[in-house]
Amino acid sequence: RFDLYDFIANLIPGLVFLWCVQALAGLLGWHLPLDFAGGLAETSILVALGYITGLLLQGFSQGVVEKRILIPLWKGFPSERWLLPEDKHFSDDYKKRLLSLIAERFKVATEPDLPPDCPTDHARELHLKKNRELFYLCYQDVVDANPRPLTFNAHYGLFRCLLTMFALLAVLSFVGLISALIIRSGQAVAFGGWTLLFGVASWISYVRCKKRSEDFAQSVFDLFMAGAAQKRSTDKQP
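Residues numbered from 1 in each chain as written. Predicted model: local features only at pLDDT ≥ 70, side-chain atom pairs only at ≥ 80, totals over all residues. Heavy atoms only, no water.

1. Some thoughts on the side chain of Arg160
Tracing the chain through its elements places Arg160 in helix 6 (residues 148-182). Polar side-chain contacts of Arg160 include one of 2.9 Å to the side chain of Glu66. Setting aside anything within four residues of it in sequence, one finds Arg160 in contact with Gln58, Ser61, Gln62, Glu66, Leu70 and Cys209. (Helix = DSSP H or I, 4+ residues; strand = E, 2+ residues; numbered from the N terminus. Polar contact = N/O pair within 3.5 Å; in protein donor to acceptor, adjacent residues only side chain to side chain. Contact = heavy atoms within 4.5 Å.)

2. Considering the pattern of salt bridges
Counted under the stated rule, the structure contains seven salt bridges. Residue Arg132 pairs with Glu80 through a salt bridge whose shortest N-O separation is 2.9 Å. With Arg132 in helix 5 (residues 120-142) and Glu80 in helix 3 (residues 78-81), the pair connects residues that are 52 residues apart, well separated along the chain. Here Lys130 makes a salt bridge to Glu133, at a shortest N to O gap of 4.0 Å. Here Lys130 pairs with Glu133, and both are found in helix 5, just three residues apart, close to one helical turn. On the basis of relative accessibility, which here comes to 39%, the residue Glu133 falls in the partly exposed class. (Salt bridge = Lys/Arg side-chain N within 4 Å of Asp/Glu carboxyl O. Buried < 20%, exposed > 50% of the residue type's maximum accessible area, 1.4 Å probe, protein only.)

3. Considerations on the nonpolar core
Across soluble globular proteins, nonpolar side chains show a tendency to be buried alongside one another. Ranked by size, the top nonpolar core spans 24 residues in total, and within it Leu98, Ile102, Cys138, Val220, Phe221 and Phe224 carry the most contacts. If you list the elements that add at least two residues to this core, you get helix 4 (92-106), helix 5 and helix 7 (188-236). Element by element, the count of residues in this core is highest for helix 7, at eight residues. Once residues lying within four places of it in the same chain are set aside, the contact partners of Val220 are Phe135, Cys138, Tyr139, Val142 and Pro149. Of all hydrophobic cores here, the second largest spans 16 residues; its members include Leu162, Leu169, Ala170 and Ala180. (Core = buried A, V, L, I, M, F, W, Y, C linked by side-chain atoms within 4.5 Å.)

4. Observations regarding the confidence of the model for the protein chain
Confidence along the protein chain averages 90 in pLDDT terms, with 92% of residues attaining 70 or more. For the protein chain, helix 1 (residues 4-27) is the element with the lowest average pLDDT, namely 87, and helix 3 is the one with the highest, namely 96. (pLDDT = per-residue confidence, 0-100.)

5. A look at the packing of aromatic side chains
Under the definition given, this model contains 15 aromatic pairs. Ring centres of Phe135 and Tyr136 lie 5.4 Å apart, and the angle between their planes is 75 degrees; this geometry places the pair in the edge-to-face category. An aromatic cluster is defined as three or more aromatic residues linked by ring pairs; in this entry it consists of Trp82, Phe90, Tyr94, Phe135, Tyr136, Tyr139, Phe216 and Phe221. (Phe/Tyr/Trp six-rings, centres within 6.5 Å; stacked < 30°, edge-to-face > 60°.)

Here it is in structure tokens:
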């Protein structure tokens, strides 16, 4: 469902990206056909371009940055990784109780069906796949009653997009810095400052992206546990 948040979350990164690209191009003497101080017609076109750019950044951040960088770096999403037998994020008692409640609530097995002599890497992938299925069962069970997981997930998507945007800008500004040094341009200091700024912004966006992904998983599991416990106490009342 399209809403105002989706529009703003795509529009703002798109506009900021276009403005920064125009500023970097200006340091090289290039003038892009983007008018940030125009009338209604120019503003309308700029908003449309910003929104489209934001959509492209979101798609790139999900299809490339998330799948090719973040998931391998994290060795799986927190929602999948935390239920692995060897993971220590949850206490053994919490994990055992959580899996027991999931099995009781949804009448499903909480362990993957591993073939005989299954290699360790393949067994881990099967565990992650099973944990992903269990997590989404919990998510669907709690999402209608509490909007907190949706908020954390939306923030995760926004910071993931910002990470992608600032990382791309850091690469562009670094290329500009190298070019300025080669041709001995007086803009090398300006490009160096932009590179440092975008690098710091990329790191902050990464830290917040990682934190929000963890908050999303934690909120779903906690809400599921609390809801299951409340339902049990209600069922036991005469």
